[in-house]
Amino acid sequence: MKKLENKVAIVTGGGSGIGAATAKLFVAQGAKVLIVGRSEEKLRKTMQDVNHENLSYTVADVSKVEDTQRYVRHAVERYGGIDVLVSNAGTEGPYKHILEHTVEDFDNVVATNVRGAWLSVKYAFPELQKRGGGSVILTSSIVGVAGFPAHSAYTTSKHAVVGMARALAHDGAPFHIRVNAVCPGVIDNDMMASTHRLLAPGAEEQLKSTLAARVPMKRYGTNEEIAKMYLFLASDDSSYSTGGVYLSDGGITAGLL
Ligand SMILES: NC(=O)c1ccc[n+]([C@@H]2O[C@H](COP(=O)([O-])OP(=O)(O)OC[C@H]3O[C@@H](n4cnc5c(N)ncnc54)[C@H](OP(=O)(O)O)[C@@H]3O)[C@@H](O)[C@H]2O)c1
């Protein structure tokens, strides 16, 4: 039995990385999925990889109200409603000490990671309500529960997402809408590759080995491993779970060293 049979899901940031792996897994588990992102090229690539009639896309910037209303409307028009919202679109912003960090960079990170997540719930919520309930998954990070040096905007934004999930769990519960946050650790994908380039230009592999050595499981995670966490929270397997913060980080936040 497929875990998302007859369910409709929106996955923001579905054009790459964790979001693309999630779209693929959800479709394989019987869902009809709308992926959202700013780059049509990336969304088309996911469409090609998944190659299934139950996947479609909308080009939209999650930080904008009109774009959010539009992608929610598209999901309803195409599939008849919404059962699952995976707010996964995110941007890491610069690695800069507060003395060098610009206000503009801070605003850009918060606009996507915080405002974008909040808008997605605001406009999808009435549709989940109409279906008699559903599941919302917000994407935080290990820096949603711990600090990382010279990364204050992203860390602030991901802590905010944890608070958002906890508050919205209360708003959702009377309507059988569960809201949880997922905190991926270091994931072996393009976003982390860009982090390596920003932090250690020319010594990316060395940095990767150093970071991996700090993970108790001694390795990076994969997009597919995070997608499986999303699937657990999207499906009835997590029917008594709301307001939770789900780490998928190989244990990196568990210890002192
Ligand atoms: N990679 C990691 O190690 C890691 C660790 C912890 C948490 N995370 C979080 O996991 C989520 C997925 O990241 P990822 O690792 O899969 O990286 P990614 O490949 O860079 O994915 C981010 C996605 O978000 C989309 N996006 C960014 N800004 C957007 C906007 N304003 N409107 C619409 N879409 C937007 C991007 O597409 P467009 O550019 O086309 O818009 C992209 O597809 C993010 O929230 C990230 O912060 C990642």
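Note that the structure is predicted; figures quoted are calculated from it, not measured.

Engineer: Requested: an account of the pattern of salt bridges, with residues and values cited.
Structural biologist: Considering all chains together, one arrives at nine salt bridges under this definition. A salt bridge links Asp 49 to Lys 45; the shortest N-O distance between them is 3.3 Å. Placement of the pair is Asp 49 and Lys 45 together in helix H2 (residues 40-50), with a separation of four residues, close to one helical turn. Across the salt bridge formed by Arg 219 and Glu 225, the nearest N and O atoms sit 2.7 Å from each other. By relative accessible area, which is 36% here, Arg 219 ends up partly exposed.

Engineer: Give me the lowdown on the side chain of Asn 189, citing residues and values where you can.
Structural biologist: When you line up the elements, Asn 189 lands in the loop between strand S6 (177-184) and helix H6 (190-199). Polar contacts involving the side chain of Asn 189 include one to the main-chain amide nitrogen of Met 191, which spans 3.1 Å. Apart from residues no more than four positions distant in its own chain, Asn 189 is found in contact with Gly 17, Ile 18 and Asn 223.

Engineer: Lay out the packing of aromatic side chains in plain terms, naming residues and giving numbers.
Structural biologist: Enumeration according to the criterion identifies three aromatic pairs in this entry. Ring geometry for Tyr 95 versus Phe 148: centroids 6.1 Å apart, planes at 80°, classification edge-to-face. Separated by 53 residues along the polypeptide, Tyr 95 in the loop between strand S4 (84-87) and helix H4 (103-130) and Phe 148 in the loop between strand S5 (134-139) and helix H5 (152-172) bring together distant segments of the chain. With a relative accessible area of 18%, Tyr 95 lands in the buried category. According to the relative accessible area criterion, Phe 148 is partly exposed, its value standing at 34%. Geometry around Tyr 123 places Lys 122 over its ring, the cationic atom sitting 5.7 Å from the centre. In this arrangement the basic side chain of Lys 208 is found over the ring face of Tyr 220, its NZ or CZ atom lying 5.4 Å from the centre.

Engineer: Go over the pairing of S6, please, and point to the residues and values.
Structural biologist: Each regular strand displays side chains that alternate between the two surfaces of the sheet. The buried fraction of S6 amounts to eight of the eight residues, a majority that puts the element mostly inside the structure. With burial as the criterion, each face of S6 is covered, one bearing Ile 177, Val 179, Ala 181 and Cys 183 and the other bearing Arg 178, Asn 180, Val 182 and Pro 184. In this sheet, S6 lies alongside S5 in parallel orientation, the contact comprising six bridges. Bridged to Val 136 within S6 is Val 179. In the sheet, S6 pairs with strand S7 (residues 245-248) via four bridges, with the strands oriented parallel. Residue pairing across strands places Cys 183 opposite Leu 247, the latter belonging to S7.

Engineer: Got a sec to walk through the UniProt feature "domain: Ketoreductase" (unreviewed entry) in the chain? Specific residues and values, please.
Structural biologist: Under the UniProt annotation, the feature "domain: Ketoreductase" (unreviewed entry) is placed at residues 7-189. Annotated as 48% helix and 19% strand, the span residues 7-189 places its first and last C-alpha atoms 28 Å apart.

Engineer: Please give an account of the nonpolar core that cites residues and values.
Structural biologist: Soluble, globular proteins show a tendency: their nonpolar side chains are buried together. Ranked by internal contacts, the top residues of the largest apolar core, which has 28 residues, are Ile 10, Tyr 71, Val 136 and Leu 138. For this core, the secondary-structure elements that each account for two or more residues are strand S1 (8-12), strand S2 (32-37), helix H3 (65-79), H4, S5, H5 and S6. Among the elements that make up this core, the one with the highest residue count is H4 (six residues). Non-local contacts of Ile 10, meaning those with residues more than four positions away in its chain, are made with Leu 34, Val 36, Tyr 71, Val 72, Ala 75, Ile 82, Val 84, Leu 85 and Val 86.

Engineer: Please provide a residue-by-residue account of the domain arrangement of the chain, values included.
Structural biologist: Domain assignment breaks the chain into domain 1 (8-185 + 222-248) and domain 2 (187-220). The distance between the C-alpha centroids of domain 1 and domain 2 comes to 24 Å. In this assembly, 15 residues from domain 1 lie in contact with nine residues from domain 2. Together, the buried faces of domain 1 and domain 2 total about 930 Å²; carbon and sulfur atoms form 59% of this surface. Among the residues of domain 1 in contact with domain 2, Glu 92, Tyr 95 and Thr 222 are the three that bury the most area, contributing 47% of the side total. Across the domain 1-domain 2 interface, the total number found is six residue pairs in polar contact (both at pLDDT 80 or more). Those elements that place two or more of their residues in the side of domain 1 that touches domain 2 are helix H1 (17-28) and helix H8 (223-234). The biggest single contributor to the side of domain 1 that touches domain 2 is H8, with three residues. Grouping the constituent residues of the side of domain 1 that touches domain 2 by class yields six nonpolar, seven polar and two charged.

Engineer: Account for the environment of Asp 249, naming residues and giving values.
Structural biologist: With respect to the helices and strands, the residue Asp 249 is situated in the segment after S7. When the C-alpha atoms of Asp 249 and Leu 34 are compared, they prove to be 27 Å apart, with 215 residues separating the residues in sequence. Not counting the four nearest positions on each side in its chain, Asp 249 is found in contact with Ile 142, Cys 183, Gly 185 and Val 215. Reaching out from Asp 249, the side chain makes a polar contact with the backbone nitrogen of Gly 251 at a distance of 2.9 Å.

Reading the values: the criteria
- Residues numbered from 1 in each chain as written.
- Predicted model: local features only at pLDDT ≥ 70, side-chain atom pairs only at ≥ 80, totals over all residues.
- Heavy atoms only, no water.
- Salt bridge = Lys/Arg side-chain N within 4 Å of Asp/Glu carboxyl O.
- Helix = DSSP H or I, 4+ residues; strand = E, 2+ residues; numbered from the N terminus.
- Buried < 20%, exposed > 50% of the residue type's maximum accessible area, 1.4 Å probe, protein only.
- Polar contact = N/O pair within 3.5 Å; in protein donor to acceptor, adjacent residues only side chain to side chain.
- Contact = heavy atoms within 4.5 Å.
- Phe/Tyr/Trp six-rings, centres within 6.5 Å; stacked < 30°, edge-to-face > 60°.
- Lys NZ or Arg CZ within 6 Å of the ring centre and 35° of its normal.
- Pairing = 2+ DSSP bridges.
- UniProt positions renumbered as here; feature names shortened; annotations may be inferred.
- Core = buried A, V, L, I, M, F, W, Y, C linked by side-chain atoms within 4.5 Å.
- Domains from an automatic or database assignment.
- Buried area = accessible area lost by both parts, 1.4 Å probe.
- Nonpolar A, V, L, I, M, F, W, Y, C, P; charged D, E, K, R; others polar.

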